[in-house]
Amino acid sequence: MPLCLDVCLMGERYDAGGGDDPRSSEWPPHPARVFSALRSVADPHELDVLRRLEQLPPPTIHATRSASPSRRSSYVVTNAREAKGKHQVYPARTSGRMERMSTFPADPRVRYVWFPEHQVPSDVVRQLDDLARRVPYLGRSSSPAIMAFRTMDTVTLLPGLDALEPTSPDRASLYLRTPYPGYVDELNALHALNQPSWQASSTARQPYRWAADEEEPTPPATVRSPYEDLVILRFSDVRPEGSLVGRFTAALRSKVMAQTENPLPPALHGHGIDGQPHVAYLGLPFVGAEHADGRLLGLAVAIPGMSVEERRRILRGLLGPDPELLVDLRVPSLGSFALRHAPHDPLPFGATAERWTRSARTWVSATPLVLDRYPKKKHELSDVVAQTIANSGLPTPVSVQVSKHPLTTGAVKLAPQQLPRRAQGRLYCHARVTFDHPVTGPMLAGAGRYFGVGLFAPEPRGTRDDHL
């Protein structure tokens, strides 16, 4: 018997950004956001019923396709502190410009329908309904909602709504964040680390398709990056030269290795997992825009797929115990640098996950690509670049452009001695590659991809420019 959750947005609006990209609108409300709202009102003795819900397959969603997004900007108090302070009311606090996204659907009703293998016990439905009725809002507090669970013998599509059904990646109209087994524990762990709940499901995205689109042509399949998480730390008050990328990533790697609890996850030290991706340390330069200068906007750690517990230990090793999520990084002979984990801040764009993880067919190197081997003949250089890309767990590109010099504005140019220590002595270059199918980032390639070089930036179709 299907399990249904009916939601009514009382203000006929839905105030929420798109998770890791707060500048984008979210519609319909993602199942993971609804689940997080239920967890926010649950007492410890009520977690078992949510653990039963997280085991169910992704729900079908009934919602209107007609929804108008709206964006507004305002200045809000942030958690960042400075000795002098900039806010007149909160001492030592700063204020920052924040963009808020809202969606105005043509119909405020949304229904989530689960089709469990076995009938859900009536006492479980009652407990879920009790939780749902205690949820005051979805998204932000400015979008109040009424929610209720029930079972139904037959589920019919309400007038004015369309069906959004789970599907395969090659038929997807959009991807929605969904809960998964272990999601409750992941939410609890993120809360303990003072991190936003959307990070738990940032990579657990279920492909969905509007049922009415079944006759539309199937889009090309998208190749997913082997890196499921990209955790970004932004420089607070400096922008180091891009040529220092190897020194910064080496210092970050040493810090994470030293602070991570034993036993270290194999993906962190890289021993005994030949052929599988390791944790990678990146410098994020300002590239691709008209005035891009290649300076580092932040550092990042790219985390491949692994168990929840291993991922949690790496995050603790990276972010440490600071509730403000401030990281003090000591770089030998350069000094100490303050970095901040602030994924909700939309700017600078070059230090957001969206800049490096979106899907594209053409990618251009932001830091040099270190080749796996020297070509035997000069004209074989493009073939070696293509093979190096394929050896990195990516598709073989259908087109390769190679240059000793940067191929996009701001791309980092390194002298041989400025390469990461483990990549020195190898041939390196800049490259632009095109695949026959879209590829999602982060795209890392080459012999130095775990140590700060070999980072590629996506190039939108029809343009080679981007914005800070």
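What comes next concerns the included structure.

## Things to note about the overall build of the protein chain
For step 1, the next point in the chain: When helices and strands are tallied, the protein chain shows nine helices and 23 strands.
For step 2, the next point in the chain: The contacts in the protein chain between residues at least 6 apart in sequence include a share of 78% that link residues at least 24 apart.
For step 3, the next point in the chain: When the accessible surface of the protein chain is totalled, it reaches about 21,600 Å², and 50% of it is carbon and sulfur.

## Overview of the sheet that holds strand β14 (residues 280-285)
For step 1, the next point in the chain: As summarised here, the arrangement of the five strands in space is β14-β15-β13-β17-β16, forming an open sheet in which the pairing is antiparallel. Each edge of the sheet is formed by a strand with only one pairing partner; in this case those strands are β14 and β16 (326-331). Adjacent strand axes in the sheet meet at a mean angle of 35 degrees when their direction is disregarded.
For step 2, the next point in the chain: The pairing of strand β13 (residues 227-235) with strand β15 (residues 296-304) spans seven bridges and is classified as antiparallel. The residue bridging Tyr227 from the neighbouring strand is Pro304, located in β15.
For step 3, the next point in the chain: Where helix α5 (residues 245-259) meets the sheet, it contacts β13, β14, β15, β16 and β17 (335-340), and its direction lies at approximately 120 degrees from that of β16.
For step 4, the next point in the chain: Helix α7 (residues 308-319) rests against β13, β15 and β16 of the sheet, and its axis sits at about 10 degrees to β13.

## Considerations on unusual backbone geometry
Excluding glycine, residues mostly have negative phi values, and the peptide bonds linking residues are mostly trans.
For step 1, the next point in the chain: With omega at -5 degrees, the peptide bond leading from Trp27 into Pro28 counts as cis.
For step 2, the next point in the chain: Looking at the element boundaries, Pro28 is found in the loop between β4 (21-25) and α1 (31-41).
For step 3, the next point in the chain: Pro263 follows Asn262 through a cis peptide bond whose omega is 0 degrees.
For step 4, the next point in the chain: The backbone of Glu12 sits at a positive phi, close to 55 degrees, despite the residue not being glycine.

## Structural notes on the packing of aromatic side chains
For step 1, the next point in the chain: This structure, assessed with the given rule, holds eight aromatic pairs.
For step 2, the next point in the chain: Here the aromatic rings of Phe235 and Phe248 are separated by 5.5 Å at their centres, their planes lie at 85 degrees, and the arrangement is edge-to-face. A residue pair is termed long-range when its members are at least 10 positions apart, and Phe235 in strand β13 and Phe248 in helix α5 qualify at 13 residues. Summarising the burial analysis for this pair, Phe235 and Phe248 share the class buried.
For step 3, the next point in the chain: Consider the rings of Tyr450 and Phe451, whose centres lie 6.3 Å apart with planes at 85 degrees: the pair is edge-to-face.

## Structural notes on the environment of Val308
For step 1, the next point in the chain: Within the element layout of this structure, Val308 appears in helix α7.
For step 2, the next point in the chain: Note on Val308: relative accessible area 30%, which makes it partly exposed.
For step 3, the next point in the chain: Each C-alpha atom, one on Val308 and one on Ala189, is 9.8 Å from the other, the two residues being 119 residues apart in sequence.

## A closer look at the pattern of salt bridges
For step 1, the next point in the chain: Taken as a whole and assessed by the stated rule, the structure comprises 19 salt bridges.
For step 2, the next point in the chain: Note that Arg13 and Asp15 form a salt bridge whose closest N and O atoms lie 3.1 Å from each other.
For step 3, the next point in the chain: What makes Arg13 partly exposed here is its relative accessible area of 23%.
For step 4, the next point in the chain: Glu186 is the salt-bridge partner of Arg312, the closest N and O atoms lying 3.6 Å from each other. Of the two residues, Arg312 sits in helix α7 while Glu186 sits in helix α4 (residues 183-192), which places them 126 residues apart along the sequence. Residue Arg312 shares its accessibility class with Glu186, and that shared class is buried.
For step 5, the next point in the chain: One network of salt bridges, in which partners are shared, links Glu186, Asp229, Glu309, Arg311 and Arg312.

## A closer look at the packing of helix α2 (residues 47-54) against helix α3 (residues 122-134)
For step 1, the next point in the chain: Between α2 and α3, whose axes approach to 10 Å, the crossing angle comes to 105 degrees. Taken as axis vectors, α2 and α3 run roughly perpendicular relative to one another. In this structure, α2 uses Val49, Leu50, Arg52 and Leu53 to contact α3, whose residues at the interface are Val124, Gln127, Leu128 and Leu131.
For step 2, the next point in the chain: Considered class by class, the residues forming the contact of α2 with α3 number six nonpolar, one polar and one charged.

What counts, and where the lines are drawn
- Residues numbered from 1 in each chain as written.
- Predicted model: local features only at pLDDT ≥ 70, side-chain atom pairs only at ≥ 80, totals over all residues.
- Heavy atoms only, no water.
- Helix = DSSP H or I, 4+ residues; strand = E, 2+ residues; numbered from the N terminus.
- Contact = heavy atoms within 4.5 Å.
- Areas by Shrake-Rupley, 256 points an atom, 1.4 Å probe, with all protein chains shown as cover.
- Pairing = 2+ DSSP bridges.
- Axes fitted to C-alpha atoms, helices over the stretch in contact; angles between N-to-C directions.
- Phe/Tyr/Trp six-rings, centres within 6.5 Å; stacked < 30°, edge-to-face > 60°.
- Buried < 20%, exposed > 50% of the residue type's maximum accessible area, 1.4 Å probe, protein only.
- Salt bridge = Lys/Arg side-chain N within 4 Å of Asp/Glu carboxyl O.
- Parallel < 35°, antiparallel > 145°, perpendicular 65-115°, else oblique.
- Nonpolar A, V, L, I, M, F, W, Y, C, P; charged D, E, K, R; others polar.

Note that all results are geometric; they support no functional claim without further evidence.
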